[in-house]
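Okay, here's what each chain looks like letter by letter:
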Amino acid sequence: MGHRRFYPDFVYETEEMTVKDPPTPGRNPHMANDTLPYPDNLQWLLSIFNRGYGLPGSYIDILPNGQVYWATKTYLSVGAFDEYGNPTALDGIIAIQERALTRYGLNLYDAAVWEIAITLWNRWDVAQVYERNILYTSTTGPAGSKDGMPGGIVNIRADADDFQYGVTKVSGSALKTITYAGNVTHFTQDSNGDPSKTGTTTGPGALYYRIIGPNYQMVDPLNGHFGNAWKYPWPNYDETTKWNTYGLIHFNDWKPITGENVWSAILGPIQTLGLQTNNNMSAGLCGSIERNPLQPCTWEDYAHTPNAIQQAITVLPGLEALQSIPGSLYHCPWGSKIFPPDPEEGDNVSNENNFSAYASLVMLYDSLMNYTKCASSDPLLSYACTTTKKLIDGLDKFFNDSTILSAKGQMPDGMQVVPQGGHINGSGYFPVPINSVAGLAVDCQTWGLSVLGQRRMDTNWGAGTAYNVWQAAKKYAGFYKGSVLAGVGYTDLTNLNTSEPVPQNDIWSAEWTFGAINMCQKVAQEYKDAGNTQYYNDMMQDAQSMYNEVTKLWPEGLRFPDGSYVYANRRFFIPWGWFSNPISSTCSTGWSVLMDLNYDPFQYWGGNKPPLVVPPQLQKTHAFYRRPMPTTSPYF
């Protein structure tokens, strides 16, 4: 039966809504039985890549009943607002940019989750189309729009002098030279933005922009091709777009963020490579697929190293330049113009970025050690081993410092959590206080505990620390249905009239809930291994409760009837620079596939966390969910 796209009877809005040793080579035990038909969530992920853009998108803003989200009361009753929560015009730059990027944009973290998810169903071949044609070439269209060409973004790397990396402010063009992955050619741009006539195989090892799109010119679903607010010099004073006197709507999210880069360039490709090759990375492809005969992966030099490993190496110079003296990585280079604006953006630190980087770098270093013993005479492979180890050691030092937890007294009852981040400058590290807006970031707790683990947290900061961090996070940022834990939001929504966090969260994110479930399973098993069955049972009960609720059909849960999962239950500005909307989300849906197959993306090969019971509402949807498993949960 074909995949249904529209559901005329689907009701979107209700009256209530106002708005390490390597694993042994062989087939990964988490892999799906691909003789079965694809379940709806997997089919949705495959469909989002087949829209003629050459890359997946982060969202679908057309609802399952055919309505356009931007025309619904859910969107219009809340309207557009700026980064400070102030209402703004529907045809303002922020509003237009959000809608256009939502429809056409791809966040590179989302793409990493997407490629792991489809590879678990043996569709690594689809994932590699994206890797080879977008990531390796570092472009979404090398010819741009010159001479009637389709108009891709010629260069998706922050390798210009506008970007200055780290303490020494190394310009993007001065970063260490790398060879682009897969023996591809990359086309540079001149000062007018025109593409070069010939390609190059080498360039600066710069970071990618966090979001990319199929075209530089964008179309707003509401405003079309042009917007008065975009005209230079008035009302738009952007000195970088003096040419835009007519108000052409265009891509303008030039933000190279560390977190998206480690996921997209390292973690996603390496996980995909391991699954594709059954953990025999020497069986992967080296060089171009057009080469005859194909080039074997002997690891003797960079050219004979798997393309995914090459891809990871290409961002190491940028990451190396972003390492701070205390060991953490900076959030972005100077010149990124992050949103909301931060005048000290080059000193900005995000702990989510640090945790993602650590998991990614460990995978890369282990791969290099396993296949080269870090003894290669090849300059790039030698550099990769040395640099990756240096970055890991620095992050270890940072994580083992007491500032990885918030200062006592910032939360009631002696509670502590991991701060969202802060700033590091010549005077030291200044974490964001938890009792300030956005001080508590849920992913710093869930991803942080997934990466650091129970043993490190409890050994460093006392027995039960990992468990207690989760208790604090779910108290202040959990999403509850009465007394039932259904998931988590993004932050604690601190009441600005008080000096302490207030448990008042009403935001429910599918993606962040799946991340919380993953953490609870992993840390629960670690407590069980340490002999604490009470904490094991508590955390497994939380995981099962959240899984039961998030997988229910909308609006009781966050699953749409086409198999996709919404990003969140309502419209909200996430205080670290993006918006949540209740529409189909690639990262949420990708995480749902990882949960289906009990796969932990932070652990190479998917980890070994205890399984959950498939909720009854999923068992009814597809034969895949009726595979032999426990039918009742011991946690309820």
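These notes cover the structure that comes with them. What you are looking at is a predicted structure, and each value in this text was computed from that prediction instead of being measured.

Description of the overall build of the protein chain
Part 1: Within the protein chain, the secondary structure is distributed over 16 helices and 18 strands.
Part 2: Here the C-alpha atoms of the protein chain give a radius of gyration of 23 Å, agreeing with the 26 Å that 2.2 N^0.38 yields for 636 residues.
Part 3: Based on the C-alpha atoms only, the size of the protein chain along its principal axes is roughly 65 × 60 × 60 Å.
Part 4: Sorting the 636 residues of the protein chain into buried and exposed places 61% on the buried side.

Considerations on a nonpolar patch on the surface
Part 1: A surface patch of nonpolar side chains, about 250 Å² in accessible area, is lined by Leu-76, Leu-90 and Leu-222.
Part 2: Considering the arrangement of structural elements, one finds Leu-76 in helix α2 (residues 73-76).

What about the nonpolar core?
What tends to happen in soluble globular proteins is that the nonpolar side chains get buried as a cluster.
Part 1: Among the nonpolar cores identified, the biggest contains 180 residues, and Tyr-130, Ile-266 and Trp-470 are the most heavily contacted of them.
Part 2: Once residues lying within four places of it in the same chain are set aside, the contact partners of Trp-470 are Thr-446, Leu-449, Leu-485, Val-488, Ala-516, Met-519, Cys-520, Met-539, Asp-542 and Met-546.

With respect to helix α5 (residues 124-135)
Part 1: If you check which residues of α5 are buried, you get Val-126, Ala-127, Gln-128, Tyr-130, Glu-131, Ile-134 and Leu-135.
Part 2: In this fold, the buried residues of α5 make contact with α1 (40-47), β4 (106-107), α4 (108-119), β9 (211-212), α6 (258-276) and α7 (307-313).

A short note on the packing of aromatic side chains
Part 1: For the coordinates displayed, the defined rule picks out 41 aromatic pairs.
Part 2: Judged by centre distance (5.1 Å) and plane angle (85°), the rings of Tyr-527 and Tyr-535 are edge-to-face.
Part 3: Each ring, one from Trp-576 and one from Trp-578, has its centre 6.5 Å from the other, and the planes form 45°; the classification is tilted.
Part 4: Exposure remark for Trp-576: the relative accessible area of 18% places this residue in the buried category.
Part 5: Residue Trp-578 is classed as partly exposed on the basis of its relative accessible area of 27%.

Considering the pairing of strand β11 (residues 421-425)
Within a regular beta strand, the side chains point alternately toward one face of the sheet and then the other, so they alternate between its two faces.
Part 1: In the sheet, strand β10 (residues 348-350) pairs with β11 via 3 bridges, with the strands oriented antiparallel. Looking at the pairing, Val-349 lines up with Gly-422 of β11.
Part 2: With 4 bridges connecting them, β11 and strand β12 (residues 428-431) associate as antiparallel partners. Note on β12: the bridge partner recorded for Ile-424 is Tyr-429.
Part 3: Hairpin connection from β11 to β12: 2 residues lie between these consecutive antiparallel strands.

Section: the sheet that holds strand β15 (residues 565-566)
Part 1: One open sheet holds the 3 strands; their spatial order is β1-β18-β15, and the pairing between them is antiparallel. Of all the strands in the sheet, the pair left with one neighbour each is β1 (59-60) and β15.
Part 2: Relative to strand β18 (residues 584-585), β1 runs antiparallel, the two being bridged by 2 bridges. Opposite Ile-60, over in β18, you have Ser-584 as the bridge partner.

Notes on the state of the cysteines
Part 1: In this structure the tally under the stated criterion is 2 disulfides.
Part 2: In this model, Cys-286 is linked to Cys-297 through a disulfide, with the two sulfur atoms separated by 2.1 Å. Because the torsion about its S-S bond is 130°, the bridge between Cys-286 and Cys-297 counts as right-handed. Taken together, the residues span a long stretch of sequence, with Cys-286 in the loop between α6 and α7 and Cys-297 in the loop between α6 and α7 at a distance of 11 residues. The same class applies to Cys-286 and to Cys-297, which are both buried.
Part 3: Linked covalently through their sulfurs, Cys-374 and Cys-385 form a disulfide whose S-S length is 2.1 Å. Taking the sign of the torsion about the S-S bond as the criterion, the disulfide between Cys-374 and Cys-385, at about -85°, is left-handed. Within this pair, whereas Cys-374 is found in the loop between α9 (351-372) and α10 (379-399), its partner Cys-385 is found in helix α10, the two being separated by 11 residues in sequence.
Part 4: Note on Cys-374: relative accessible area 27%, which makes it partly exposed.
Part 5: Under the relative-accessibility criterion, Cys-385 is labelled buried at 7%.
Part 6: In the protein chain, the bonded cysteines, taken in the order they occur along the sequence, pair up as 1-2, 3-4.
Part 7: Not engaged in a disulfide, the cysteine Cys-444 finds its nearest cysteine sulfur in Cys-332; these two sulfurs lie 15 Å apart.

Points about empty space enclosed by the protein
Part 1: Estimates place the volume of the largest cavity at around 110 Å³.
Part 2: In terms of lining residues, the largest cavity is bounded by 13 residues, among which Gln-128, Tyr-136, Gln-276, Asn-307 and Ala-308 are the most central.
Part 3: For the lining of the largest cavity, the secondary-structure elements that each account for two or more residues are α5, α6 and α7.
Part 4: It is α6 that contributes the most residues to the lining of the largest cavity, 4 residues altogether.
Part 5: Split by residue class, the lining of the largest cavity holds 6 nonpolar, 5 polar and 2 charged.

What about the pairing of strand β13 (residues 478-481)?
Part 1: Both β13 and strand β14 (residues 484-488) contribute to a ladder of 4 bridges, which runs antiparallel. Within β14, the position partnered with Gly-478 by the bridge is Val-488.
Part 2: Once β13 ends, the chain turns through 2 residues before running back antiparallel as β14, passing Gly-482 with a positive phi of about 65°.

Comments concerning the packing of α9 against α10
Packed helices, taken two at a time, are described by the angle their axes make and the gap between the axes.
Part 1: Interhelical geometry of α9 versus α10 gives an angle of 140° and a closest axis separation of 9 Å. It follows that α9 is oblique to α10 by the angle criterion. When you trace α9 past α10, the crossing you get is left-handed. Contacts between α9 and α10 pair Asn-351, Asn-354, Phe-355, Ala-357, Tyr-358, Leu-361, Val-362, Leu-364, Tyr-365, Leu-368 and Thr-372 from the former with Leu-381, Ala-384, Cys-385, Thr-388, Lys-389, Leu-391, Ile-392, Leu-395, Asp-396, Phe-398 and Phe-399 from the latter.
Part 2: Of the residues assigned to the contact of α9 with α10, the class counts are 16 nonpolar, 4 polar and 2 charged.

A word on the environment of Tyr-527
Part 1: Note that Tyr-527 resides in helix α13 (residues 510-529).
Part 2: Look at Tyr-527 and you get buried, because its relative accessible area is 2%.
Part 3: Along the backbone, Tyr-527 and Val-362 are 165 residues apart, and their C-alpha atoms lie at a distance of 23 Å.
Part 4: Discounting chain neighbours no more than four positions away, the residues touching Tyr-527 are Gln-454, Asp-458, Gly-464, Thr-465, Ala-466, Tyr-467, Asn-532, Tyr-535, Tyr-536 and Met-539.
Part 5: There is a polar contact of 3.0 Å between the side chain of Tyr-527 and the backbone nitrogen of Tyr-467.

Rules and cut-offs
- Residues numbered from 1 in each chain as written.
- Predicted model: local features only at pLDDT ≥ 70, side-chain atom pairs only at ≥ 80, totals over all residues.
- Heavy atoms only, no water.
- Helix = DSSP H or I, 4+ residues; strand = E, 2+ residues; numbered from the N terminus.
- Rg over C-alpha atoms; globule rule 2.2 N^0.38 Å.
- Buried < 20%, exposed > 50% of the residue type's maximum accessible area, 1.4 Å probe, protein only.
- Patch = residues over 30% accessible without salt bridge, like charges linked within 9 Å, V, L, I, M, F, W, Y side chains within 5 Å.
- Areas by Shrake-Rupley, 256 points an atom, 1.4 Å probe, with all protein chains shown as cover.
- Salt bridge = Lys/Arg side-chain N within 4 Å of Asp/Glu carboxyl O.
- Core = buried A, V, L, I, M, F, W, Y, C linked by side-chain atoms within 4.5 Å.
- Contact = heavy atoms within 4.5 Å.
- Phe/Tyr/Trp six-rings, centres within 6.5 Å; stacked < 30°, edge-to-face > 60°.
- Pairing = 2+ DSSP bridges.
- Disulfide = S-S within 2.5 Å.
- 1 Å grid on protein atoms, 1.4 Å probe; cavity = no way out; pocket = protein on both sides within 12 Å on 5 of 7 lines; lining within 4 Å.
- Points joined across faces, edges and corners; volume = space filled by probe spheres on them.
- Nonpolar A, V, L, I, M, F, W, Y, C, P; charged D, E, K, R; others polar.
- Axes fitted to C-alpha atoms, helices over the stretch in contact; angles between N-to-C directions.
- Parallel < 35°, antiparallel > 145°, perpendicular 65-115°, else oblique.
- Left-handed = near helix turned anticlockwise from the far one by under 90°.
- Polar contact = N/O pair within 3.5 Å; in protein donor to acceptor, adjacent residues only side chain to side chain.

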